[in-house]
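# Residue-level structural notes
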Amino acid sequence: MAITLNSSIQYLKSIGPKRAELFSTIGIKTVRDLLYYFPSRYLDRTTILDSSKVFKFVASGYNNEITIVGKVADTEEIRYGKKNIFKVTFKDDKGFFECVWFSGIKFFRNRFKEDDYYAISAKPVITRYGHLQFAHPDFDKLDSEESLNFRNTGKIIPFYKIPQNPKKQNLSDLSLRRVISSAVEQCINEIEETLPKEIIENNNLLNIKSTVKNKHFPESSGLLERANYRLKFEEFFYIESLIALKKLNNKKIQNGIKYKLNIPLVKDFLNSLKFELTNAQLKTLHEIRLDMESATPMNRLVQGDVGSGKTIVALIALLIAVSNGKQTAFMAPTEILAIQHFYNLQTMLKGFPVEVELLIGGQRKKEKDATYEKMSNGAPAIYVGTHALIEEKANFSNLGLVIIDEQHRFGVAQRSDLITKSFTPDVLVMTATPIPRTLTMTLYGDLDVSIIDEMPKDRIPIKTYLRSDKKLDKIYKFIIDSVDKGLQAFIVYPLVEDSDKLDLKAAETYYNELNNSVFSNYNVGLIHGKMKWNEKKEVMQKFSDKEFDILISTTVIEVGIDIPNANIIVINDAHRFGLSQLHQLRGRIGRGSEQGHCILVTSEELSKKQFDATFSFDFLSDAQIQKNKTIIRLNALVNYTSGFKLAEIDMKLRGPGDIFGLKQSGLPDFKYANLVEDQDILLKAKQVAFETIENDPQLSSDKNEVIKNNIKQFYKNNFHYSNIA
Ligand code: ADP
Ligand code: MG
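Below you will find a few notes about this structure. (Residues numbered from 1 in each chain as written. Chains lettered and ligands numbered in written order. Predicted model: local features only at pLDDT ≥ 70, side-chain atom pairs only at ≥ 80, totals over all residues. Heavy atoms only, no water.)

### Some details on the sheet that holds strand β10 (residues 299-304)
Taking strand neighbours across the sheet as the criterion, the seven strands line up as β12-β13-β11-β14-β15-β10-β16 in an open arrangement whose pairing is parallel. A single partner strand is all that each edge strand has here, and the edge strands are β12 (356-359) and β16 (448-452). Strand-to-strand, the axes of this sheet are offset by a mean angle of 20°, without reference to chain direction. Note: strand β11 (residues 327-331) against strand β14 (residues 399-404), five bridges, orientation parallel. Residue Ala329 lies in a different strand from β14, and its bridge partner there is Val402. Against the sheet, helix α14 (residues 335-348) engages β11, β12 and β13 (382-385), with an angle of about 170° to β12. (Pairing = 2+ DSSP bridges. Helix = DSSP H or I, 4+ residues; strand = E, 2+ residues; numbered from the N terminus. Axes fitted to C-alpha atoms, helices over the stretch in contact; angles between N-to-C directions. Contact = heavy atoms within 4.5 Å.)

Next up, the structure:
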């Protein structure tokens, strides 16, 4: 029987059913699985030094990890005080070096057999006896042929990730290398190309056969690099092709609503504002206007930092739609934000013939039913709410515009939920998350993007301080001075241990304590997530009407809340918050014309440390970054106000998947590519993907058939990116 890629690996030479069983525990069943089980790292002989060179390096002050290869010459256990030390002496062409373990001796005792070859990686030292020594190193067993030829051949040796269990049953790098080598030999020609020939040629990519081969057994580091490039390019190419397909299909729809503009109501509303729109707001509105006028439904992302004034832009779009007799939905991620939008819209629209309705989960059934009724009757209004707006009962009959505020708080799925509910409404999503362009392209690549990159002009940059919790008395005094001038303040307590109850307790306890002591002469409010919605509404209303001077809260006020008269925010236990959360919380102030103050309260110890990592990121080891994460984060807040800058720092601290709370947002899991490090490849792959799809939107040409097949076979899970059948 001929072996194909879909054959079970048990048909390969050197693998029987039993061995095949073991491989299946690490997800390798077919020959294809095996060939695509790529190494996790490599040992490149060009980076290997001999013991005498390493010795000289270390003697002259070199203080970093190093890899060295040697043959086991001797093992011994040495009594040292009350403890035992396990020592292995290795030999290479130029001399000896030793490895020592102070614990886990039982495990190492029987491991190192004389004459076996190992690659050893660790930070070396020179002992007082003048020996070159590695303590608790990483080690990899080499087969003798590999190690003998190590210095003479140009070989780069692959190492694989093998979980503990199969490892115990003797599934080693050596055995994997052997099996894969035989699979490559027998089946490499079965591998079918997964990109069109033209794309491979135009972009000077390695073909798939060479790619697979060189990933396992690199002929040179240059070819390994090209193999990596090809895999990353391909991964980006397919995701971007799906995005291009979706975007193009959206653009093809021509039965969207053509809104009439030049509405007196909108003009009257603009005249009623106390401020003028910024240029960035005007530009964004212009882009929205063109979308709304055209028969292609709007699919637009508005990105603007906290406080840049997105709500007013949304409101104007809502007014246009309502004046055209349409229903509109304005969706927010939290009840408190929905309530605030509802309340603000009502206030701003006082005297205008526009109805505003609120729909949130916490409302009584009767209230909700009345709103549902209106929705299904087609009554034109602005329906403000939470996900309650996309529940089954919410049956819009005349939905013309959907606006989703703080989009990053929703998943991609929810975005499409609301949209498929009605026919072809215009859609505007808004986010303050200042994610880098490459991420935007991947997350929201099917959307057109408007950026509000300008703050209202009377804004003064917020001052941010890091203070010890021993200074709280002074901080309270500072609040009182400011409140005496007629301003307001937030005091925030963190979510403790992810427990709503504890979280509540902290805020409640401090509320009682502060209200009866330092702030006894002031009006203090309390808000938290566990309150009934109308209690929340009452508190927010009172704070907004200046009936409260100080608002004590949990993190429920994190997004969107807008009280321009509040100019101080105190964030307790600031070290417990993530960077994006701190930036969002800080964004609650500095929205008026007063100087804003953000006080990050933390432990005495942390408050003293200073560390502006941005100067030195490139020179910090990963371990150093991890160790100083908290202090880097806190200092970043103190030193920078730009959300973009902070996003960049956050990305370096946490990696792109985690960035600014985007984890659940539907970012694809990349196997090979990295959104931070491979931005250039992404840009290139995107360009090629969009060109390809624009020239052949149905992928019906012969040369693109391979793309179509691959999407169907391998990229099914990313279908939310595309509308292709
Ligand atoms: P965000 O972009 O964070 O949602 P908001 O829309 O809540 O910001 O706006 C923040 C504050 O700035 C609000 O009080 C709003 O009324 C005010 N604002 C919006 N646009 C302007 C402007 N052009 N000039 C002055 N203030 C503005
Ligand atoms: Mg907002």
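### What about the site of ligand 1?
Lining the immediate environment of ligand 1, one finds 17 residues, of which Gly307, Lys310, Thr311, Arg459 and Asp562 sit closest. Here an oxygen atom of ligand 1 sits 2.7 Å away from a polar atom, N or O, in the side chain of Thr311. In isolation ligand 1 has 560 Å² of accessible area, and contact with the protein removes 89% of it. Mapping ligand 1 onto the cavity grids shows that it belongs to the largest pocket. Broken down by class, the residue content of the shell around ligand 1 amounts to five nonpolar, six polar and six charged. For the shell around ligand 1, the domains that each give at least three residues are domain 3 (264-293 + 309-431) and domain 4 (463-640). (Near = heavy atom within 4 Å. Polar contact = N/O pair within 3.5 Å; in protein donor to acceptor, adjacent residues only side chain to side chain. Areas by Shrake-Rupley, 256 points an atom, 1.4 Å probe, with all protein chains shown as cover. 1 Å grid on protein atoms, 1.4 Å probe; cavity = no way out; pocket = protein on both sides within 12 Å on 5 of 7 lines; lining within 4 Å. Sits in = over half its atoms within 2 Å of the grid points. Nonpolar A, V, L, I, M, F, W, Y, C, P; charged D, E, K, R; others polar. Domains from an automatic or database assignment.)

### Things to note about the pairing of strand β20 (residues 550-553)
Every other side chain in a regular strand lies on the same face of the sheet, so the side chains alternate between the two faces. Side chains Ile550 and Ile552 project from β20 onto one buried face, and the interleaved Leu551 and Ser553 project onto a second face that is buried too. Pairing between strand β18 (residues 488-492) and β20: four bridges, direction parallel. Residue pairing across strands places Ala489 opposite Ile550, the latter belonging to β20. Each parallel crossover has a hand, and for strand β19 (residues 524-527) linked through helix α20 (residues 533-544) to β20 it is right-handed. (Buried < 20%, exposed > 50% of the residue type's maximum accessible area, 1.4 Å probe, protein only. Right-handed = clockwise from strand over helix to strand, strands pointing away.)

### Some points on the layout of surface pockets
Of the pockets and cavities examined, the largest pocket occupies roughly 1,500 Å³. Listing elements by their share of the lining of the largest pocket, those giving two or more residues are α11 (264-272), α13 (310-323), α14 and β21 (566-571). Grouping the amino acids of the lining of the largest pocket by side-chain chemistry returns 15 nonpolar, 20 polar and 15 charged. Two domains share the lining of the largest pocket, each providing at least three of its residues, namely domain 3 (264-293 + 309-431) and domain 4 (463-640). (Points joined across faces, edges and corners; volume = space filled by probe spheres on them.)

### Some remarks on the side chain of Thr386
Note on placement: Thr386 falls in the loop between β13 and β14. Not counting residues up to four positions away in its chain, the partners in contact with Thr386 are Met331, Ala332, Thr334, Glu335, Ala338, Leu359, Ile360 and Gly361.

### Looking at the packing of aromatic side chains
Per the counting criterion, the structure on display carries 26 aromatic pairs. Arranged with centres 5.4 Å apart and planes meeting at 75°, the rings of Tyr476 and Phe519 form a pair that is edge-to-face. Of this pair, Tyr476 sits in helix α18 (residues 472-484) while Phe519 sits in the loop between α19 (500-516) and β19, and the two are 43 residues apart along the sequence. This pair shows no difference in class: Tyr476 is buried, exactly as Phe519 is. Cluster of aromatic residues (ring-pair linked, three or more members): Phe86, Phe90, Phe97, Trp101, Phe107, Phe108, Phe112, Tyr118, Phe134 and Phe139. One cation-aromatic arrangement involves Arg41 over Phe159; the distance from NZ or CZ to the ring centre is 4.8 Å. (Phe/Tyr/Trp six-rings, centres within 6.5 Å; stacked < 30°, edge-to-face > 60°. Lys NZ or Arg CZ within 6 Å of the ring centre and 35° of its normal.)

### What about helix α12 (residues 279-293)?
Each turn of an α-helix holds 3.6 residues, which means side chains three or four residues apart point in the same direction. The end-to-end C-alpha distance of α12, which contains 15 residues, comes to 21 Å, matching closely the 21 Å that a straight helix rising 1.5 Å per residue would cover. When α12 is considered as a whole, its buried residues turn out to be Ala280, Gln281, Thr284, Leu285, Glu287, Ile288, Asp291 and Met292. End-on view of α12: buried residues confined to an arc of 160°, all on one side of the axis. Summarising the geometry of α12, the exposed residues directed more than 90 degrees from the buried face are Asn279 and Lys283. Elements that come into contact with the buried residues of α12 comprise β10, α13, β14, β15 (426-431) and β16. (Expected span 1.5 Å × (residues − 1). Arc of directions from axis to C-beta.)

### With respect to the packing of α14 against α20
Packing of α14 against α20 leaves a shortest axis separation of 10 Å and a crossing angle of 55°. Relative to α20, the element α14 is oriented oblique. Where α14 crosses over α20, the handedness of that crossing is right-handed. Together, Glu335, Ile336, Ile339 and Tyr343 of α14 and Trp533, Lys536, Lys537, Met540, Gln541 and Ser544 of α20 make up the contact between the two elements. Its residues placed into classes, the contact of α14 with α20 shows five nonpolar, two polar and three charged. (Parallel < 35°, antiparallel > 145°, perpendicular 65-115°, else oblique. Left-handed = near helix turned anticlockwise from the far one by under 90°.)

### Digging into unusual backbone geometry
Notably, Asp115 is not glycine yet its phi reads approximately 75°, a positive angle. Among the structural elements, Asp115 can be located in the loop between α4 (105-109) and β5 (117-122). Despite not being glycine, Asn262 shows a phi value in the positive range, around 55°. Counting through the fold element by element, Asn262 comes out in the loop between α10 (221-252) and α11. The exposure class of Asn262 is exposed, given its relative accessible area of 73%.

### Notes on empty space enclosed by the protein
On inspection of all chains with the given rule, the structure shows five cavities of 30 Å³ or more. If you go around the largest cavity, the residues you meet are Ile339, Gln340, Tyr343, Asn344, Lys537, Met540, Gln541, Ser544, Asp562 and Ile563. Split by domain, the residues of the lining of the largest cavity number at least three in each of domain 3 (264-293 + 309-431) and domain 4 (463-640).

### Some thoughts on helix α7 (residues 173-187)
With 15 residues, α7 should cover 21 Å at 1.5 Å per step; its first-to-last C-alpha distance of 20 Å lies within 8% of that length. Listed in full, the buried residues belonging to α7 are Asp173, Leu174, Ser175, Leu176, Arg177, Val179, Ile180, Ser182, Ala183, Val184 and Cys187.

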